[in-house]
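# A look at the structure
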Amino acid sequence: MGKYLFKIEDLTHIYEDRTILNIFSLAFEEKKIHAITGPNGSGKTTLCNILGLLLKPTFGKIWYQEEMFYENGGLPERLRKKITMVHQNPFLFHTTVEKNVAYGLKVRNYSHSQRNQKVASFLKLMGIEHLRHQQGTRLSGGETQRVAVARALAIDPEVLILDEFTANVDRNYVKIIEGVIQDVFRQKNITIFLVTHDENQASRIAHTVTHLIDGEVVDHSSLSH
Ligand SMILES: Nc1ncnc2c1ncn2[C@@H]1O[C@H](COP(=O)(O)OP(=O)(O)O)[C@@H](O)[C@H]1O
Ligand SMILES: [Mg+2]
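Residues numbered from 1 in each chain as written. Chains lettered and ligands numbered in written order. Predicted model: local features only at pLDDT ≥ 70, side-chain atom pairs only at ≥ 80, totals over all residues.

## Remarks on the overall build of the protein
When helices and strands are counted, the protein shows seven helices and ten strands. Referenced to the eigenvectors of the C-alpha coordinate spread, the extents of the protein come out at roughly 45 × 40 × 40 Å. Relative to all contacts within the protein whose residues are 6 or more apart in sequence, the contacts with residues 24 or more apart total 70%. (Helix = DSSP H or I, 4+ residues; strand = E, 2+ residues; numbered from the N terminus. Contact = placed C-beta atoms within 7 Å.)

Put into structure tokens, the structure is as follows:
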């Protein structure tokens with residue numbers, strides 16, 4: 001058994017008097033692909049937003065390695081650099097693919113040549129070198145997702161959370177995108193959360209599956225591959 005990356009205890013999230021998530025105890029090992037599955041409205045995105053530090057849960061404890069989220073009431077800024085999320089409908093800036101991917105590097109003061117080098121390597125990893133000079137806003141769903149992942153990876157996260165990654169992707173393209181995710185996993189050796197209502201997709205590429213129904217974990221199991 002590897003080291004635990006996230007540990008959750010007695011987590012509850014309430015929206016407008018409705019309990020959306022209610023998780024007694026859950027842990028995720030590092031450097032694995034974890035699928036979060038469940039029907040629409042089961043709380044998958046809410047859980048991702050919580051793990052991705054975009055949403056503070058109403059109650060509960062979460063640890064990232066040994067560090068507790070929101071320990072002294074504040075936002076764990078240090079963790080923000082380690083955990084990154086790509087949304088179902090990612091928003092690309094009105095500029096080239098290259099500049100979209102370089103954005104996080106620029107704000108982190110990487111030099112021009114370092115940026116170029118990194119952008120080239122992430123475009124290559126995502127198989128989209130040919131899109132480098134295209135406008136980000138003119139791409140297909142699958143291309144947009146790949147650019148969004150390249151942009152997320154550019155900051156060297158330890159955790160990548162993908163919410164319904166293939167929902168807006170052409171059916172013929174889904175297997176290709178799944179292959180790209182596996183390449184990212186192998187080459188970057190990071191932890192990936194793959195949120196999907198497609199249980200077949202989960203069993204194709206994930207190491208563990210956590211199934212939610214009405215905000216509760218009804219199954220949390222390992223897959224053998
Ligand atoms: N910002 C919000 N305000 C109120 N209710 C919300 C909000 N976001 C999600 N919900 C509700 O929480 C439940 C779980 O939503 P979500 O986490 O998006 O599920 P999933 O991603 O599995 O489809 C749904 O019933 C949804 O309507
Ligand atoms: Mg969702």
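## Looking at the sheet that holds strand β7 (residues 159-163)
With mixed pairing, six strands are arranged side by side in an open sheet as β6-β7-β8-β3-β9-β10. Both edges of this open sheet fall to β6 (83-86) and β10 (216-222), since each of them pairs with a single strand only. Taken pair by pair, the neighbouring strands of this sheet meet at an average axis angle of 15°, ignoring direction. Across six bridges, the pairing between strand β9 (residues 208-213) and β10 is antiparallel. Across the sheet, L212 pairs through a bridge with V217, a residue of β10. Strands β3 (33-37), β6, β7, β8 (191-195) and β9 of the sheet are contacted by helix α1 (residues 44-51), whose axis makes an angle of about 155° with β8. Relative to β6, helix α5 (residues 141-153) is tilted by about 170°, and along the sheet it contacts β6 and β7. (Pairing = 2+ DSSP bridges. Axes fitted to C-alpha atoms, helices over the stretch in contact; angles between N-to-C directions.)

## Topic: the pairing of β3
Taking burial as the measure, the five residues of β3 include five buried ones, the bulk of the element. Of the two faces of β3, both are covered, the one formed by I33, A35 and T37 as well as the one formed by H34 and I36. As paired strands, β3 and β9 are joined by four bridges and run parallel to one another. Within the sheet, the bridge partner assigned to T37 lies in β9 and is H211. (Buried ≥ 20, exposed ≤ 12 C-beta atoms within 10 Å, placed from the backbone.)

## As for the environment of A206
Mapped onto the elements, A206 comes out in the loop between α7 (199-205) and β9. Taking the C-beta count within 10 Å as the criterion, A206 has 24 such neighbours and is therefore assigned buried. Spatially, the C-alpha atoms of A206 and L79 are 24 Å apart, while their sequence positions differ by 127 residues. Ignoring anything within four residues of it in the chain, the contact list for A206 reads I33, H34, A35, L194 and L223.

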